[in-house]
Amino acid sequence: MTTCRTVLQACALALMLGGAPAMADAPVVTPLKTVPLPEIDQGGFDHFAVDLKDNLLFITAEVHKTVEMFRLSDGTHLGTGTGYGFPHTPAYAPRQHQLFVADGDKGAVFVIDVPSLKIVQTIPLRLGADEAVFDPLSGLFYVGCGGAKDSSDNSAIAIIDTALHKEIGRIPVASTNIESMAVDHERGLLYANLRDKKQIAVIDLKTRTVTATWDVPGLNMNTPLLLDTKTRRLFIAGRKPGMLFVVDAANGHLLSTTGVVETADGATYDEANQRLYISGAEGLSVLNRIDADHFEDIQRMDTHTGKVSIYEPSLRQLYVAHAKTPTEPAALDIYAVAPASHSQR
């Protein structure tokens, strides 16, 4: 009887967590290099940006109030940019060869010269400028601002033209916490996580209005959001519990869930290998795509509290930044990513 009860309890726990990880025969992601950042002695990091042509990697250090620049290929630390209040999402605009950084405390987007990292212009916005997405086709930078940081019950998505260096529009959003966004060029849509509402907003980019908000069963603290345009699937990582939600981007219907690491803040879809890399304070989840609607968790690994990550497919390298811990300094960790076998694709 005791054995039966134990088995039932284990099965119930596996179901709650979205099933136990189906681990790969060999690790998909393996440590390659650690770049210590001892000068960043408090606070963590927000998001990355890549300048592929010039072999550069950027990340914002929020509490440290800096932008850090590295050589993309090997992680060599090349410089530090200062003058920020609380820097959040960076975006590299290749046509301008400039970095654009949303700053919550300053209520602005800063235009940064590359590679000097000097601030050359300030574009004023509402306080709380935070999560953002850059559309390289149009050169537009969509920045969530306002909300709780602005002592307001609403937010907005500011539209920054990176060629003109100015705000050209603003989309009102009934939310106090806009998180990750994704652009659907073919349909002229923007999807946005409304974390306080536990909803996904659908925005018409032509009329610049919210046309729908979707409630997804079980969705909580929805933070990272990605769009696979080929299959029209949204990949959303929630917290408490750590869970991946696969959602039909045509209608908001939930298609599947899979357990992932807690406190997710970074996610990249690797189309070539049909994988998702989701990073959170509790580690990294590597997920293999089984079909259009389903994933399996094939690897878990420690990220030393690092929540944010980015994958660069041309180098097959994954980057994770973590804050100072009781036993080690803040650092940029670089991981090698193995290609999927033909049977896994």
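Please refer to the structure placed before this passage.
In short, a report on the structure. (Residues numbered from 1 in each chain as written. Predicted model: local features only at pLDDT ≥ 70, side-chain atom pairs only at ≥ 80, totals over all residues. Heavy atoms only, no water.)

1. Brief notes about the sheet that holds strand E23 (residues 275–280)
Right, so step 1: With respect to topology, four strands assemble into an open sheet ordered E22-E23-E24-E25, the strand pairing being antiparallel. Lying at the two open borders of the sheet, with one neighbouring strand each, are strand E22 (264–270) and strand E25 (294–301). Strand-to-strand twist of the sheet, defined as the mean angle between neighbouring strand axes without regard to direction, takes the value 20 degrees.
Right, so step 2: Examined bridge by bridge, E23 and strand E24 (residues 283–291) share six bridges and lie antiparallel to one another. Each bridged residue has a counterpart across the sheet, and for tyrosine 277 the counterpart in E24 is valine 286. (Pairing = 2+ DSSP bridges. Helix = DSSP H or I, 4+ residues; strand = E, 2+ residues; numbered from the N terminus. Axes fitted to C-alpha atoms, helices over the stretch in contact; angles between N-to-C directions.)

2. Brief notes about the sheet that holds strand E21 (residues 254–259)
Within a sheet, adjacent strands bond to each other through the backbone by hydrogen bonds, running parallel or antiparallel.
Right, so step 1: Spatial strand order, E18-E19-E20-E21: four strands in an open sheet with antiparallel pairing. Lying at the two open borders of the sheet, with one neighbouring strand each, are strand E18 (225–228) and E21. The average angle at which neighbouring strand axes cross in this sheet is 20 degrees, direction not considered.
Right, so step 2: By the bridge criterion, four bridges tie E18 to strand E19 (residues 233–238) in an arrangement that is antiparallel. Bridge pairing in E19 links leucine 225 to isoleucine 236.

3. A short note on the packing of aromatic side chains
Right, so step 1: Using the criterion set out here, one finds six aromatic pairs in the structure.
Right, so step 2: Ring geometry for tyrosine 84 against phenylalanine 110: centres 5.5 Å apart, planes inclined by 85 degrees, an arrangement best described as edge-to-face. You can see tyrosine 84 sitting in the loop between strand E5 (77–81) and strand E6 (87–93) and its partner phenylalanine 110 sitting in strand E8 (residues 108–113), a full 26 residues away along the chain. Judged on exposure class, the residue tyrosine 84 and its partner phenylalanine 110 are both buried.
Right, so step 3: Their ring planes at 40 degrees and their centres at 6.1 Å tell us that tyrosine 191 and tryptophan 214 sit as a pair that is tilted. (Phe/Tyr/Trp six-rings, centres within 6.5 Å; stacked < 30°, edge-to-face > 60°. Buried < 20%, exposed > 50% of the residue type's maximum accessible area, 1.4 Å probe, protein only.)

4. So, the pairing of strand E2 (residues 45–51)
Right, so step 1: Here E2 lies mainly inside the structure; six of its seven residues are buried.
Right, so step 2: Looking at chain direction, E2 and strand E3 (residues 56–61) are connected through five bridges and run antiparallel. Bridging from a neighbouring strand, aspartate 51 pairs with leucine 56 of E3.
Right, so step 3: Hairpin connection between E2 and E3: a loop of four residues separates the two successive antiparallel strands, and asparagine 55 in this loop has a positive phi of roughly 60 degrees.

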